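Summary of structural features
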Amino acid sequence: MLKFKRHSFLLSAHEIHRLFSASPAISLVDPITQHQTHLQTTTNINTLQSETSIPQSPPSLDPKHYISQLFKCRNLNQITQVHAQVAVNGLLLHNLALANKLLYIYVQHKAVIDAHSLFGVMTEKDPVSWSVMVGGFARVCDYLNCFVTFREYVRSGECLDNYTLPLVIRACRDTMDINMGRLIHHVVHKFGLHSDPFVVAALVDMYAKCGAIDDAKQLFDKMPERDLVSWTVMIGAYAECGNANESLALFDRMREEDVIPDKVAMVTVVNACAKMGAMHKAGLVNEYIWRMNFSLDVILGSAMIDMYAKCGNLDSAREIFDKMREKNVITWSAMIAAYGYHGKGREALELFPSMLTSGVLPNRITFVSLLYACSHAGLVDEGLRIFNSMWEDHFVRRDVKHYTCMVDLLGRAGRLNEALNLVEDMSVEKDEGLWGALLGACRIHNRIELAEKAAKSLLELQSQNPGHYVLLSNIYAKAGRWEDVAKIRELMTHRRLKKNPGWTWIEVDNKIHRFSVGDHTHGWSKEIYKMLEMLIEKLELAGYVPDTNFVLHDVDEELKQGMLYSHSEKLAIAFGLISTSEGTPLRITKNLRVCGDCHTFIKFVSAIAKRLIIVRDANRFHHFEEGACSCGDYW
DNA sequence: ATAGGGTTAG
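Just so you know, these numbers come straight off a predicted model, no measurement behind them. (Residues numbered from 1 in each chain as written. Chains lettered and ligands numbered in written order. Predicted model: local features only at pLDDT ≥ 70, side-chain atom pairs only at ≥ 80, totals over all residues. Heavy atoms only, no water.)

**Considerations on the state of the cysteines**
- Here the structure, examined in full by the defined rule, presents zero disulfides.
- With no disulfide of its own, Cys146 lies closest to Cys172 among cysteine sulfurs, the gap being 8.1 Å. (Disulfide = S-S within 2.5 Å.)

**Considerations on the pattern of salt bridges**
- All chains considered together, the criterion is met by 25 salt bridges.
- Among the salt bridges present, the one from Arg255 reaches Asp252, with a minimum N-O distance of 3.3 Å. In this pair, Arg255 and Asp252 both sit in helix 14 (residues 244-256), three residues apart, roughly one turn of the helix.
- For Asp252, a relative accessible area of 27% corresponds to the partly exposed category.
- Glu287 is the salt-bridge partner of Arg291, the closest N and O atoms lying 3.9 Å from each other. Of this pair, Arg291 and Glu287 both sit in helix 16 (residues 279-291), four residues apart, which is roughly one turn of that helix.
- Since its relative accessible area comes to 58%, Arg291 is described here as exposed.
- One salt-bridge network, in which partners are shared between bridges, spans Arg173, Asp174, Asp205 and Lys209. (Salt bridge = Lys/Arg side-chain N within 4 Å of Asp/Glu carboxyl O. Helix = DSSP H or I, 4+ residues; strand = E, 2+ residues; numbered from the N terminus. Buried < 20%, exposed > 50% of the residue type's maximum accessible area, 1.4 Å probe, protein only.)

**Brief notes about the confidence of the model for chain A**
- Considering every residue of chain A, the mean pLDDT works out to 86; 88% of them sit at 70 or more.
- Counting contacts from residues 1-55, a segment whose pLDDT is below 50, to residues more than four positions away or on other chains yields 81 contacts. (pLDDT = per-residue confidence, 0-100. Contact = heavy atoms within 4.5 Å.)

**A closer look at the protein's contact with DNA strand B**
- What surrounds DNA strand B is a group of 52 residues, the closest being Asn100, Arg170, Asp227, Asp262 and Asn271.
- The sugar-phosphate backbone supplies 37% of the atoms of DNA strand B found within 4 Å of the protein.
- Between DNA strand B and the protein, one listed contact pairs a phosphate oxygen with a side-chain N or O atom of Asn271 at 2.8 Å.
- Partitioning the surface near DNA strand B into residue classes produces 26 nonpolar, twelve polar and 14 charged. (Near = heavy atom within 4 Å. Polar contact = N/O pair within 3.5 Å; in protein donor to acceptor, adjacent residues only side chain to side chain. Nonpolar A, V, L, I, M, F, W, Y, C, P; charged D, E, K, R; others polar.)

**Some details on the packing of aromatic side chains**
- Counted by the stated rule, this structure contains twelve aromatic pairs.
- Here the aromatic residues Phe119, Trp130 and Tyr153 are joined through ring pairs into a cluster of three or more.
- Positioned above the aromatic ring of Phe119, the side-chain terminus of Lys125 is 4.7 Å from the ring centre.
- Positioned over the ring face of Phe387 is Arg398, at 4.1 Å from the centre of the ring. (Phe/Tyr/Trp six-rings, centres within 6.5 Å; stacked < 30°, edge-to-face > 60°. Lys NZ or Arg CZ within 6 Å of the ring centre and 35° of its normal.)

**So, the pairing of strand 5 (residues 621-625)**
- Pairing analysis gives four bridges linking strand 4 (residues 613-616) to strand 5, with the strands arranged antiparallel. The partner of Ile613 across the bridge, within strand 5, is Phe624.
- The turn joining strand 4 and strand 5, which pair antiparallel and follow one another in sequence, is formed by four residues.
- The pairing of strand 5 with strand 6 (residues 628-629) spans two bridges and is antiparallel. When the bridges of strand 6 are listed, Glu625 appears paired with Ala628. (Pairing = 2+ DSSP bridges.)

**A word on the domain arrangement of chain A**
- Split into domains, chain A comes out as domain 1 (60-210), domain 2 (226-326), domain 3 (398-500) and domain 4 (503-629).
- The distance between the C-alpha centroids of domain 3 and domain 4 comes to 27 Å. (Domains from an automatic or database assignment.)

**A few points about the sheet that holds strand 4**
- On the basis of which strands lie adjacent, the open sheet formed by six strands has the order 2-1-3-4-5-6 and mixed pairing. The sheet is open, and its two edges are formed by strand 2 (511-515) and strand 6, each paired on a single side.
- Bridging between strand 3 (residues 586-590) and strand 4 involves four bridges; their strand directions are parallel. Following the sheet pairing, Leu586 is matched in strand 4 by Ile613.

**Considerations on the UniProt feature "repeat: PPR" (unreviewed entry) in chain A**
- Those places that UniProt annotates as "repeat: PPR" (unreviewed entry) correspond, in this numbering, to residues 196-226, 227-261, 297-327, 328-362, 363-397 and 399-429.
- Helix makes up 74% of residues 297-327 and strand 0%, with an end-to-end C-alpha separation of 9 Å.
- Secondary structure content for residues 328-362 is 74% helix and 0% strand, while the C-alpha to C-alpha distance between its ends is 9 Å. (UniProt positions renumbered as here; feature names shortened; annotations may be inferred.)

**Some details on helix 2 (residues 63-72)**
- For helix 2, the full list of buried residues reads Pro63, Tyr66, Gln69 and Leu70. Buried residues along helix 2 cover an arc of 115° about the axis, so they all sit on one side. Among the exposed residues of helix 2, those pointing more than 90 degrees away from its buried face are Lys64, Phe71 and Lys72.
- Where helix 2 is buried, its residues contact helix 3 (76-88), helix 4 (91-94) and helix 5 (96-108). (Arc of directions from axis to C-beta.)

**As for the environment of Lys570**
- Along the polypeptide, Lys570 turns up in helix 31 (residues 568-579).
- With 281 residues separating them along the chain, Lys570 and Ile289 place their C-alpha atoms 35 Å apart.
- Apart from residues no more than four positions distant in its own chain, Lys570 is found in contact with Leu532, Tyr544, Leu564, Tyr565, Asp597, Cys598 and Phe601.

**Side note on helix 13 (residues 228-240)**
- With 13 residues, helix 13 extends 18 Å between its outermost C-alpha atoms, agreeing within 8% with the 18 Å of an ideal straight helix rising 1.5 Å per residue.
- With eleven of 13 residues buried, helix 13 lies mostly within the body of the structure.
- Along helix 13, the positions that sit buried rather than exposed are Leu228, Ser230, Trp231, Thr232, Val233, Met234, Ile235, Gly236, Ala237, Tyr238 and Ala239.
- Downstream of helix 13 by one or two residues, Gly242 has phi in the positive range, about 95°. (Expected span 1.5 Å × (residues − 1).)

**Structural notes on unusual backbone geometry**
- If you check the backbone angles, Asn446 has positive phi at about 50° while not being a glycine.
- With respect to the element layout, Asn446 can be found in the loop between helix 25 (432-445) and helix 26 (448-460).
- Here Glu626, not a glycine, exhibits a phi torsion of approximately 45°, which is positive.
- For Glu626, the position within the fold is in the loop between strand 5 and strand 6.

**Section: the side chain of Lys603**
- Inspection of the secondary structure assignment puts Lys603 in helix 32 (residues 596-608).
- Taking the relative accessible area as the measure of exposure, Lys603 reaches 15% and is therefore buried.
- Setting aside its immediate chain neighbours within four residues, Lys603 contacts Phe624, Gly627, Ala628, Cys629 and Asp633.

**Some points on the pairing of strand 3**
- A large share of strand 3 lies buried, amounting to four of its five residues.
- Relative to strand 3, strand 1 (residues 504-508) runs antiparallel, the two sharing three bridges. Bridging across to strand 3, Trp505 finds its partner in Thr589.
- This β-α-β element, strand 3 to helix 32 to strand 4, shows right-handed connectivity. (Right-handed = clockwise from strand over helix to strand, strands pointing away.)

**Topic: the packing of helix 7 (residues 127-139) against helix 8 (residues 143-155)**
- At a minimum axis separation of 7 Å, helix 7 and helix 8 run at an interaxial angle of 160°. Considering their axes alone, helix 7 and helix 8 lie roughly antiparallel with respect to each other. In the packing of helix 7 onto helix 8, the handedness of the crossing is left-handed. The residues of helix 8 that touch helix 7, namely those facing Pro127, Trp130, Met133, Val134, Phe137 and Ala138, are Tyr143, Asn145, Cys146, Thr149, Phe150, Glu152 and Tyr153.
- Residues that form the contact of helix 7 with helix 8 fall into these classes: ten nonpolar, two polar and one charged. (Axes fitted to C-alpha atoms, helices over the stretch in contact; angles between N-to-C directions. Parallel < 35°, antiparallel > 145°, perpendicular 65-115°, else oblique. Left-handed = near helix turned anticlockwise from the far one by under 90°.)

Structure representation (structure tokens):
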């Protein structure tokens, strides 16, 4: 079964709406088969309308004449007209270059069905014909026919070339079909193309996007020569799998080998910085971009907004946003989301009308961003209003993510019954994330009975997300129900799930330091623990009481405290305090959500050490200053 | 004549 991750056949109501206002001639079709509109078919080439015809030229037997005609074609009718001429005068049959060009022009116009019927009657085919046809199907997301055609190509006995393979490998990536990918990898070997930079780059990319980072790395390391694209693919691969550190290191290595990055490479690196939250690196990358004089187009600009925001620098993100001449829905959504996860809900909401005024239409992601902005800032009424206007005013259908936002919003605000009502009344299919959000709200408000209801649905869905189990177990632990904690742990073992390891990063002197719980691997470990001990002594004097509810296991108090003291967040902060001068803000990034005790701890540290501490966790940003956090303790 | 890498949420 093919899974379509990157492309969707379904058009939103809005897109359909837009389609109509753009071209009233298109008739209404079932949204499920809407994609058929790409596949414009011309059934009878003799019934062409004369007003769409290209100017009649004297009959010619020169293929070059028709090739240049094809280049002038503006629409499908014109193409079919040329097609008819060359078919009638017999040129098409005997001229492969002409047939291939015609094929190519059809594909360019997404008329893949026409291309395929031409392809079917071509008596002679060369690698170019096959490549255009395989690429044509991929272009309209008809992956099944893409693979079928590729298989015919292989079976035809014709020699495979390094043009078709990258196309079909990309199709594997886009369908997340790693098994097909491995199969084609074998074909690559069979035809001796395993050193071709185009083919190998495509393979590396395919493996990486399908989650097989080790295969990707192995291929990349073995490449005899790596060009810019191979480097870019590998840099993106590391960022994709969460190893942004390695990704940035690879960028440095690439430049050491005198490969000059282009704009696409920079977008990839910008993305890695965003994932990492590496503020200093982000600054360097920004400098580099200006030095290289890359223009701030809509993609680079949007990526940079995202990078600055995720590095905790909202002002710079806004500066880029204001500087951009062209903004699309992604640009606006990125900025809205940025305000949202920094807890600035009002600012996020204020952007929305400006976006509409500028003529950019919102999509479902825009609404997810808006609703989360409300949630992080506790703007319940505003959120409800937006949720209700999505379809009516903006033709964007509510999906399960939007319901999840609402559950989160209502749940945090303590309106759990309303959240539950929403869940029970919704007509879209419920997923793990939705129940997870409800469970999260139950944890905040200690609603055990409701938590068990949510958990039941969650476990029925065979959730593979260890975070959900940990959340439930934490709820039980908080209530002192250790047998239930043990049951959950057992279930996790049974389902072969492990608690995701928590990591915290801190960037000091252009180097990224990573900590895990109880970490002793850092060179300054001794100093870090000494600092932590001192800190906790001071904190306790100031009234800090460790909250052992956030320790998962049922162990005795003292041991619990020991584990709590060495949470990765605390280690990173202790290290930050030692290694930076007084008054410097500390920025740390955590891959999971910050634990409740660490949250309290950091509030105290911000007051006692007089530091601004900016924490990015899996959900949002926390700005700690003078003993308080910008999240208002809802996170 | 045909080819590979890039942007928003969760």
